[in-house]
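Take a look at the letters that make up each chain.
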Amino acid sequence: MPRPELAEHDSSMTEAPTSQDLQVLVVDDSPVYRKLVEHAMEGGPYSLLFAKSGREALELFARYLPAIVITDWMMPDLSGLELCQRLRADVHRGYTYIILLTSIAEKDNVVKGLAAGADDYLTKPFDPAELLARIGVGRRIIDLHRQIDAKNRLLEEMAHSDPLTGLPNRRAIEDWAARQLRGAARHGFPYWVVLADLDSFKSINDTYGHVGGDTLLQKFAEILKTVIRASDICGRLGGDEFLLVITHVEAESIQRTVERFREKLAEQDFQIGDTKVTITASFGIAGFHGKEILDFNTLVRRADKALYAAKRAGRNLVRIEPEQSL
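For the structure given in this document, a descriptive report is provided here.

**As for the pairing of strand β3 (residues 68-72)**
Here's step 1: Extensive coverage of β3 is indicated by the burial of five of its five residues.
Here's step 2: Of the two faces of β3, the one carrying I68, I70 and D72 and the one carrying V69 and T71 are both buried.
Here's step 3: Note that strand β1 (residues 22-27) and β3 share four bridges and pair parallel. Bridge pairing in β3 links V24 to I68.
Here's step 4: Where β3 lies against strand β4 (residues 97-102), five bridges are found, and the strand directions are parallel. Paired with D72 across the two strands is L101, which belongs to β4.

**Focus on the sheet that holds strand β7 (residues 233-238)**
Here's step 1: An order of β7-β8-β6-β11-β12 is seen for the five strands of this open sheet, with the pairing classed as mixed. The open sheet is flanked by β7 and β12 (318-320), the only strands paired with a single partner. For this sheet, the mean inter-axis angle between neighbouring strands, taken without regard to orientation, is 20 degrees.
Here's step 2: Taken together, the seven bridges between strand β6 (residues 191-198) and strand β8 (residues 241-247) define a ladder with antiparallel strand orientation. Bridge pairing links L195 to L243 in β8.
Here's step 3: Sitting on the sheet, helix α6 (residues 170-187) touches β6, β7, β8 and β11 (281-288), and the angle it makes with β7 is about 135 degrees.
Here's step 4: The strands touched by helix α7 (residues 201-227) are β6, β7, β8 and β11; relative to β8, the strand with the most contacts, the crossing angle is about 20 degrees.

**Quick word on the sheet that holds strand β5 (residues 120-123)**
Here's step 1: If you walk across this open sheet you meet the five strands as β2-β1-β3-β4-β5, and the pairing is parallel. Of all the strands in the sheet, just β2 (46-51) and β5 have a single pairing partner and so form its edges. Pairs of neighbouring strands in the sheet enclose a mean axial angle of 20 degrees, with direction left out of account.
Here's step 2: Across six bridges, β1 lies against β2 in parallel orientation.

**What to know about α7**
Side chains of residues three or four places apart in an α-helix project in the same direction, reflecting 3.6 residues per turn.
Here's step 1: The end-to-end C-alpha separation of α7 is 22 Å, well short of the 39 Å expected for 27 residues at 1.5 Å each.
Here's step 2: By the largest-angle criterion, Y208 marks the main kink of α7, which is about 125 degrees.
Here's step 3: When α7 is considered as a whole, its buried residues turn out to be F201, I204, N205, G212, G213, L216, L217, F220, A221, I223 and L224.

**A word on the pattern of salt bridges**
Here's step 1: A full pass over the atoms with the stated rule returns 14 salt bridges.
Here's step 2: Note that D120 is salt-bridged to R134, the shortest N-O span being 2.7 Å. One end of the pair, D120, is in strand β5; the other, R134, is in helix α5 (residues 128-159), with 14 residues separating them in the sequence.
Here's step 3: What makes R134 partly exposed here is its relative accessible area of 23%.
Here's step 4: A salt bridge links R134 to E130; the nearest nitrogen and oxygen atoms lie 2.7 Å apart. A residue pair is termed a helical-turn pair when its members lie 3 or 4 positions apart in one helix, as R134 and E130 do in helix α5 at four residues.
Here's step 5: Residue class for E130 comes out partly exposed when judged on its relative accessible area of 32%.

**Considering the side chain of S282**
Here's step 1: Within the fold, S282 resides in strand β11.
Here's step 2: Exposure remark for S282: the relative accessible area of 0% places this residue in the buried category.
Here's step 3: Side chain to side chain, S282 and D199 meet in a polar contact 2.7 Å long.
Here's step 4: Here N316 takes part through its backbone nitrogen, which lies 3.1 Å from a polar atom of the side chain of S282.
Here's step 5: Residues within four places of S282 in sequence aside, it is in contact with L195, A196, D197, D199, L307, A310, K311, R315, N316 and L317.

**What about the pairing of β4?**
Here's step 1: Counting buried positions along β4 gives six out of six residues, so the element sits mostly inside the fold.
Here's step 2: What you see with β4 is no split at all: Y97, I99 and L101 on one side and I98, L100 and T102 on the other are buried throughout.
Here's step 3: Note: β4 against β5, four bridges, orientation parallel. Within β5, the position partnered with I99 by the bridge is D120.

Conventions adopted
- Residues numbered from 1 in each chain as written.
- Predicted model: local features only at pLDDT ≥ 70, side-chain atom pairs only at ≥ 80, totals over all residues.
- Heavy atoms only, no water.
- Buried < 20%, exposed > 50% of the residue type's maximum accessible area, 1.4 Å probe, protein only.
- Helix = DSSP H or I, 4+ residues; strand = E, 2+ residues; numbered from the N terminus.
- Pairing = 2+ DSSP bridges.
- Axes fitted to C-alpha atoms, helices over the stretch in contact; angles between N-to-C directions.
- Contact = heavy atoms within 4.5 Å.
- Expected span 1.5 Å × (residues − 1).
- Bend = angle between axes of the 7 residues up to and from the residue.
- Salt bridge = Lys/Arg side-chain N within 4 Å of Asp/Glu carboxyl O.
- Polar contact = N/O pair within 3.5 Å; in protein donor to acceptor, adjacent residues only side chain to side chain.

Structure below.
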């Protein structure tokens, strides 16, 4: 009795997954097995993609990054083993759970498949309930990887952020600033380090407590975020000291640029409890515009000297160290 013809799957017609769906790529040159997998997973929380060859699978994988791949062992171009190896070679993508479908049940071949990067295998012809159970294992593994990745991202963010203000901390600033400093030396654009220190901040803490002081620090951070360009960076070093790195501003304009920061802060009224408070800041600037790379910490020390000059001159001032010449 002739076998009924099964409709070919068109991966371009696959619906986009919902937030609850897990995307699964099914790779098999047999339309029968593609249909069997589809029937087994029908109604489940999955969005299916279908590929008829290893190369088509690689294209779909690069475009959609499915969480689970179910692949046949024997295919006309790339084998399932080669496909596993290709997918595992890209270590920069999130984890993909790979199930190998094979009619070759010998232990040696199973070991080869697992060694090539498969997480699990299933022998053809497969039981639909067993396939779903193994996919369920894969889903739990994928969820675990995603939780770990999210926690790692949070830890990385915490390692580079000041917890009080949300600004980058010194470590984050130094990482960013060192790259920009090399670019400034290579391309010859101006590069400025600006240190800012709130004036008489100790008296704020003494009068309003550390909660009041923290409120002012947070408000000052918000002001910096509004005045700094997206191409520059500002962060908190600790205490009441902040650091900015500004590029592509010429020497005749940098002091005027920082003066605007100073004036905007001095014009603000800050609410601490029932009291309105004003506060000022002093700024020290050190610049670089040359070809020989300076150490970033050297610029910070020069900016610190300029900052102390502003403090000694009466506070609420901007002072600049001579620009590093060519």
